[in-house]
Amino acid sequence: MKYGYFGSMKVKPGHRDQVAKILLRASDGVRAAGCHLYVVGVADDDDQTIWVHEVWDSKEHHDASLQLPETRAAIAEAMPMLTGEFTSREFTVLGGLGLPAE
C-alpha cells in the first residue's frame, strides 16, 4: 500500500502564485524519490491557501524527500511568504485512477 499526504498552507497576501510556482518547480525531482502523484492546487475564491496532494511509495520515501537539497532550497525560498498556518492529513492509499497497480 502507498502512503498519501494531503495538506494546505496559508500564504501572506499577494504571494499565493509565487509560492505555487515554487512548489510546482520542486515537483520535478520528487518522482525519482518515490512520488507517484504530486498535485498543487488553488481555489478561485481563496487567494491565500494552497493545497497539495501527494502519493508516495512509503512514508519513509516522503520523509527522505524533505532532506533533498532541492526540496530544502524550495522550502527556504517559500517560508518567508507563508503565514505558518498548515493543515495535513496522512492516509493509506488503496488505489485510484492514475496510480500504478500494486
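Everything that follows concerns the structure shown earlier in this document.
Summary of the structure given here. Bear in mind the structure is a predicted one, so any value in this text is a computation, not a measurement.

**Description of the overall build of the chain**
At step 1: Helix and strand content of the chain: three helices and four strands.
At step 2: Against the globule reference of 13 Å for 102 residues, the chain gives a C-alpha radius of gyration of 14 Å, in line with a compact fold.
At step 3: Burial statistics for the chain: of 102 residues in total, 31% are counted as buried.
At step 4: Counting only carbon and sulfur atoms, one obtains 56% of the accessible surface of the chain, whose full area is about 6500 Å².

**Here's the deal with the packing of aromatic side chains**
At step 1: Scanning the entire structure with this criterion turns up one aromatic pair.
At step 2: Both rings, one in Phe6 and one in Trp51, keep their centres 5.7 Å apart while their planes meet at 25°; by these two values the pair is stacked. Note that Phe6 is positioned in strand S1 (residues 2-11) and Trp51 in strand S3 (residues 46-56), a separation of 45 residues in sequence.
At step 3: What makes Phe6 partly exposed here is its relative accessible area of 30%.

**Focus on the environment of Gly4**
At step 1: Assignment of secondary structure puts Gly4 in strand S1.
At step 2: When the C-alpha positions of Gly4 and Met79 are compared, they lie 23 Å apart, and in sequence the two are 75 residues distant.
At step 3: Apart from the residues within four sequence positions on either side, Gly4 is in contact with Glu54, Arg89, Glu90, Phe91 and Val93.

**Considerations on the pattern of salt bridges**
At step 1: Evaluated as defined, the whole model comprises six salt bridges.
At step 2: One salt bridge in this structure joins Asp57 and Lys2, with 3.7 Å as the shortest N-O distance. Residue Asp57 is located in the loop between S3 and helix H2 (59-65), and its partner Lys2 is located in strand S1; the two are separated by 55 residues in the primary sequence.
At step 3: Here Asp57 falls in the partly exposed class, since its relative accessible area comes to 30%.
At step 4: Among the salt bridges present, the one from Asp63 reaches Lys59, with a minimum N-O distance of 3.2 Å. Here Asp63 and its partner Lys59 are both found in helix H2, four residues apart, which amounts to about one turn of the helix.
At step 5: On the basis of relative accessible area, Asp63 is assigned to the partly exposed category, the value being 32%.
At step 6: One salt-bridge network, in which partners are shared between bridges, spans Lys59, Asp63 and Glu90.

**Section: helix H1 (residues 16-26)**
At step 1: Within H1, burial applies to Arg16, Val19, Ala20, Ile22 and Leu23. Looking down the long axis of H1, one finds its buried residues gathered within 155° of arc, a one-sided arrangement.

**With respect to the environment of Ala20**
At step 1: Tracing the chain through its elements places Ala20 in helix H1.
At step 2: C-alpha of Ala20 to C-alpha of Val52: the two residues are 32 residues apart in sequence and 9.6 Å apart in space.

**Comments concerning the pairing of S3**
At step 1: Summarising the sheet, S1 and S3 pair through eight bridges and their orientation is antiparallel. In the strand pairing of S3, Gly4 is matched with Val55.
At step 2: Where strand S2 (residues 35-43) and S3 come together, seven bridges link them in antiparallel fashion. The residue of S3 that forms the bridge with Leu37 is Val55.
At step 3: If you look at the hairpin formed by S2 and S3, you'll find two residues sitting between the two strands.

Basis of the calculations
Residues numbered from 1 in each chain as written. Predicted model: local features only at pLDDT ≥ 70, side-chain atom pairs only at ≥ 80, totals over all residues. Heavy atoms only, no water. Helix = DSSP H or I, 4+ residues; strand = E, 2+ residues; numbered from the N terminus. Rg over C-alpha atoms; globule rule 2.2 N^0.38 Å. Buried < 20%, exposed > 50% of the residue type's maximum accessible area, 1.4 Å probe, protein only. Areas by Shrake-Rupley, 256 points an atom, 1.4 Å probe, with all protein chains shown as cover. Phe/Tyr/Trp six-rings, centres within 6.5 Å; stacked < 30°, edge-to-face > 60°. Contact = heavy atoms within 4.5 Å. Salt bridge = Lys/Arg side-chain N within 4 Å of Asp/Glu carboxyl O. Arc of directions from axis to C-beta. Pairing = 2+ DSSP bridges.

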